[in-house]
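As a plain string of letters, each chain reads:
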Amino acid sequence: MDKLLIQGGIPLRGRVKARGSKNASLPIIAAALISAEPLVIEGVPDLLDVRTMIAVLESLGAAVSYSPEQELVRIAATKPPGLEPPPCLVRQMRASFLVLGPLLARNGKARLSLPGGCAIGTRPVDLHLKGLTAMGARFTMDNGYIEGETRGLEGARIYLDYPSVGATENILMAATLARGTTVLENAATEPEIVDLANFLNSMGARVSGAGTTTIRIEGVVELGGARYNVIPDRIEAGTLLLAGAITGGDITVENVLPDHLKSLLAKMKEAGATVEEVAPSAIRVRRCGQLVGVDLKTLPYPGFPTDLQPQFMAMLAISRGTSMVTETVFENRFRHVAPLLSMGAQIQVEGHHAIVQGRRYLTGAPVSASDLRAAAALLLAALAARGVTEISEVVHLWRGYSGIEERLKSVGARIQHLKREPYPSLQTGG
Ligand code: EPZ
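Residues numbered from 1 in each chain as written. Predicted model: local features only at pLDDT ≥ 70, side-chain atom pairs only at ≥ 80, totals over all residues. Heavy atoms only, no water.

A. Structural detail: helix H8 (residues 234-246). With 13 residues, H8 extends 18 Å between its outermost C-alpha atoms, agreeing within 8% with the 18 Å of an ideal straight helix rising 1.5 Å per residue. Burial analysis of H8 places 13 of its 13 residues in the buried class, which makes it a mostly covered element. With a side-chain oxygen positioned 2.9 Å from the backbone nitrogen of Ile 235, the residue opening H8 is Asp 233. Two residues or fewer past H8, Gly 248 is found with a positive phi of approximately 70°. (Helix = DSSP H or I, 4+ residues; strand = E, 2+ residues; numbered from the N terminus. Expected span 1.5 Å × (residues − 1). Buried < 20%, exposed > 50% of the residue type's maximum accessible area, 1.4 Å probe, protein only. Polar contact = N/O pair within 3.5 Å; in protein donor to acceptor, adjacent residues only side chain to side chain.)

B. Molecular detail of the environment of Gly 204. Its place among the elements puts Gly 204 in the loop between helix H7 (191-202) and strand S11 (206-208). Separated by 18 residues in the primary sequence, Gly 204 and Glu 222 have C-alpha atoms spaced 7.8 Å apart. Every residue in contact with Gly 204, bar those within four places of it in the chain, is listed here: Val 220 and Leu 223. (Contact = heavy atoms within 4.5 Å.)

C. Region of the structure containing helix H6 (residues 165-175). Among the eleven residues of H6, ten are classified as buried, and the element is accordingly described as predominantly covered. Listed in full, the buried residues belonging to H6 are Gly 166, Ala 167, Thr 168, Glu 169, Asn 170, Ile 171, Leu 172, Met 173, Ala 174 and Ala 175. The opening residue of H6 is Ser 164, an N-cap whose side-chain oxygen sits 3.5 Å from the backbone nitrogen of Gly 166.

D. Here's a closer look at the site of the ligand. Close to the ligand lie 22 residues, the nearest being Arg 94, Asp 126, Leu 127, Asp 307 and Val 329. Asp 126 is positioned with one of its side-chain polar atoms (N or O) 2.7 Å from a nitrogen atom of the ligand. Within the backbone of Val 329, a nitrogen or oxygen atom sits 2.6 Å from an oxygen atom of the ligand. Elements supplying a minimum of two residues to the shell around the ligand: helix H1 (22-31), helix H5 (126-134), H6 and helix H12 (372-384). (Near = heavy atom within 4 Å.)

E. Just the sheet that holds strand S22 (residues 388-392), in detail. Spatially, the four strands line up as an open sheet ordered S21-S22-S1-S23, and their pairing is mixed. Sheet topology places strand S21 (366-368) and strand S23 (414-418) at the edges, where each strand pairs with a single neighbour. Each strand axis lies, on average, 20° off the axis of its neighbour in the sheet, ignoring direction. Pairing of S21 with S22, which is carried by three bridges, proceeds in the parallel orientation. Bridge assignment links Pro 366 to a residue of S22, and that residue is Glu 390. (Pairing = 2+ DSSP bridges. Axes fitted to C-alpha atoms, helices over the stretch in contact; angles between N-to-C directions.)

F. Quick peek at the domain arrangement of the protein. Assigned domains of the protein: these are domain 1 (3-19 + 232-418) and domain 2 (22-229). Distance from the C-alpha centre of domain 1 to the C-alpha centre of domain 2: 30 Å. Counting from both sides, the interface comprises 24 residues of domain 1 and, opposite them, 21 residues of domain 2. Of the roughly 1800 Å² buried where domain 1 meets domain 2, counting both sides, 52% is carbon and sulfur surface. Considering only the surface of domain 1 that becomes buried against domain 2, Tyr 301, Phe 330 and Arg 399 emerge as the three largest contributors, covering 30% of it. Where domain 1 packs against domain 2, one counts eight residue pairs in polar contact (both at pLDDT 80 or more). Of all the secondary structure elements, the ones that give two or more residues to the side of domain 1 that touches domain 2 are H12 and helix H13 (395-400). Per-element accounting of the side of domain 1 that touches domain 2 gives the leading share, four residues, to H13. Of the residues belonging to the side of domain 1 that touches domain 2, the class tally is nine nonpolar, five polar and ten charged. (Domains from an automatic or database assignment. Buried area = accessible area lost by both parts, 1.4 Å probe. Nonpolar A, V, L, I, M, F, W, Y, C, P; charged D, E, K, R; others polar.)

G. Structural detail: the side chain of His 336. Tracing the backbone shows His 336 in the loop between strand S18 (322-326) and helix H11 (337-342). Exposure remark for His 336: the relative accessible area of 1% places this residue in the buried category. Reaching out from His 336, the side chain makes a polar contact with the side chain of Gln 309 at a distance of 2.9 Å.

Written out as structure tokens, the structure is:
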């Protein structure tokens, strides 16, 4: 398996650019199934998860071409798409479930393997199904598959018990072609929801209120073509900002919307980092003295994002004093604690809480990543640690961070990518 070797203790200095948003690109690519017209989506980062979503659309019959250099995807689902993507793809990436709403809207039918749980939790889809059922879809489940059918989706008033990002996205996409108006209450308000709604409206949908807890969708007969540019990735930008702070450096991150990171920037300032917006889409972070521990609680947007909790905890591990980290979004998102302990961190997990006793420094060690953001946390810890850290299972990183080691090296990081040795070909008998 691929590994990264990181020589820590080097303050990172310079400018680095964030890529387009993974979590906006994935639902937007899925939404392309709703239209029969050609679509061009720009600012799509070259990530494993993006490649997987493209493979899902191709398996459903859409014509897709991707130029990683231009970060541009062309999609045309001219014919009505197929009903069932390969189960291996859906199980490989939970976000594949986001084709459910588009397929019900376009075909009136879909058959998907239920997305398994993953490293961070069971991740049910009950809220997706409850909302789509309210719109007239009927679901049957058998040995790990879910089949959905409708004679035509109807607008409905839906209240989400929890502001689920994925459920909001599936219902929003399905409602664009429903007969009548759908009102979705207690909806997720993440910037990626707004980006999806803007993309759908550029195709001719009638969505209003995205970004607030109440989204209104007036169904239309069909969606057309569009050209759209995806928003910057706030989680990747936040990870790069934390790299500057944790290494005691001076980093300016470009292609970031400060408005999307208010909770992170406030917490970084509270912890003693110097954070300033140096341009409408650039933020500079510096850290001279020692950081101080702060309490942190993850919440749906605009609260502190769960996707930056592991990375922030890595920084708290070398911040003076005691910090309490509370994870309210996922039930098992402390998988990064064990490897951090092996680097000398002092962290005690009690249910949804992690109590972090800051240390003066961490020391490099061989560690293994369990999921995407845990891998990012270990990368940050390694950049700050004394000595060399070897991170294995680093493939998780490629799911959400395109070429991040090259960008970190451009601001002084010492990272070596040890590619997996191909298994020696079996010597067949002569
Ligand atoms: C999206 O996942 C993101 N993924 C996640 O990012 C992110 O952590 C999460 O939103 C929260 O912000 C993408 O956008 C592709 P949820 P999603 O539905 O939609 C429970 C990353 O690292 N829930 O808001 O799956 C669920 O179990 C990934 O980029 C139900 O109970 O998140 C969880 O506890 C990780 N029933 C909570 O809601 C449902 O039907 C939040 O889940 C749906 C969700």
